[in-house]
Structures are given as C-alpha cells and as structure tokens.
Amino acid sequence: FPSHDRQTYLKMENFNENVNFYLKGIYFCGEMVNVDLSFYVNDGWKRYNFDAQVGSTKTVVWLEDALQNEVNFLNDFILASKCRIRVNFSSDDVCTSTIYEYSMGNSARAYQFMKEGL
C-alpha cells in the first residue's frame, strides 16, 4: 500500500509463521515511537494508539508482528477503505510527527495472500 506521498508504504510479510505489518520508508527517530492508527470502516474511523518498535535501519516502524492474532484490529484492517497513521516522536527527537494516508482497497485480498503463505 503506497502512501499519497509515495515515500512511505505499508507492507505485510510472512515471518516466523506470523503476518507482520509495518510502515517502511523515510528515517524514523528513536527506538520506540507512539503511533496513532485509524482505519476508515463503513462510515467512521476506528482508532488505535500504541507504542511501536523502530527497526535497526531506522526506516521501519513495526505496527503488528502477528496481525492474525489481533482480531479487532485485523477485522478493521480487512474492512477499511483507507488508513491514516501518525508517527509521534518524543520531544527529545529531532523528527517531527507526520501523518501518512493509504488506500486500503484490496486489503482483505492482500491479507489472505500473506496468510496463505504461512
């Protein structure tokens, strides 16, 4: 799922029998970030807030490492028509919070493809 800015994208991968879901692209400060993630489902936003690990290369934010185990999150992911993510950095970091928006068309099909690879 590429973003509207084309610099970042959402990605899923099979790893250790889990469907991993992450944001990849630009440089992310710190080792942990706070994430506001919203799925637009039917006629409203389903909101989530959590702390997420930044990858060692500082170009990945791990959103979920076992997507198939998070029932409500997965259901909203599959039914969503769009997704917004805001990565929030601590006040000590030089990075600024940024909002990313993604079309979620075919998200159910993409998830099923990843799941079948397990």
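Further up the page is the structure itself.
Not measured: the values here are computed from a predicted model. (Residues numbered from 1 in each chain as written. Predicted model: local features only at pLDDT ≥ 70, side-chain atom pairs only at ≥ 80, totals over all residues. Heavy atoms only, no water.)

Colleague: Account for the sheet that holds strand β4 (residues 44-53), with residues named and values stated.
Modeller: The strand order across the open sheet formed by four strands is β4-β3-β6-β7, and the pairing between neighbours is antiparallel. Taken across any chain shown, the strands that pair with only one partner, and hence form the sheet edges, are β4 and β7 (98-103). Here the average twist between neighbouring strands, direction ignored, is 20°. Here strand β3 (residues 32-41) pairs with strand β6 (residues 82-88) via seven bridges, running antiparallel. (Pairing = 2+ DSSP bridges. Helix = DSSP H or I, 4+ residues; strand = E, 2+ residues; numbered from the N terminus. Axes fitted to C-alpha atoms, helices over the stretch in contact; angles between N-to-C directions.)

Colleague: Explain helix α1 (residues 71-79) to me, using residue names and the numbers behind them.
Modeller: Of the positions making up α1, those classed as buried are Phe73, Leu74, Asp76 and Phe77. Across the axial projection of α1, the buried residues extend over an arc of 165°, all falling on one side. Turned more than 90 degrees away from the buried face of α1 sit Val71 and Asn72, all of them exposed. Close packing links the buried residues of α1 with β1 (9-15), β2 (18-24), β3, β4 and α2 (107-116). (Buried < 20%, exposed > 50% of the residue type's maximum accessible area, 1.4 Å probe, protein only. Arc of directions from axis to C-beta. Contact = heavy atoms within 4.5 Å.)

Colleague: Go over the packing of α1 against α2, please, and point to the residues and values.
Modeller: Packed helix pairs are specified by the crossing angle of their axes together with the interaxial distance, meaning the distance between the axes. The N-to-C vectors of α1 and α2 enclose an angle of 125°; their axes lie 7 Å apart at closest approach. Between α1 and α2, the crossing angle belongs to the class labelled oblique. Residues Leu74, Phe77 and Ile78 of α1 form the contact with α2, whose own contacting residues are Ser107, Ala108 and Tyr111. Here the contact of α1 with α2 is composed, by residue class, of five nonpolar, one polar and no charged. (Parallel < 35°, antiparallel > 145°, perpendicular 65-115°, else oblique. Nonpolar A, V, L, I, M, F, W, Y, C, P; charged D, E, K, R; others polar.)

Colleague: An account of the sheet that holds β1 is needed here, citing residue identities and associated values.
Modeller: Read from one edge of the open sheet, three strands run β1-β2-β5, paired in antiparallel fashion. Each edge of the open sheet carries a strand with a single partner, namely β1 and β5 (60-64). Taken over all neighbouring pairs, the strand axes of this sheet differ in orientation by 35° on average, direction set aside. Judged from the four bridges that link them, β2 and β5 form a sheet pairing that is antiparallel. Looking at β5, one finds that Phe21 is bridged to Glu64. The strands touched by α2 within the sheet are β1 and β2, with β1 carrying the most contacts at an inclination of about 25°.

Colleague: Any chance you could break down the side chain of Thr8 for me, citing the residues and the numbers?
Modeller: Turning to its location among the elements, Thr8 is positioned in the segment before β1. According to the relative accessible area criterion, Thr8 is buried, its value standing at 1%. A polar side-chain atom of Thr8 sits 2.8 Å from a polar atom in the side chain of Tyr102. (Polar contact = N/O pair within 3.5 Å; in protein donor to acceptor, adjacent residues only side chain to side chain.)

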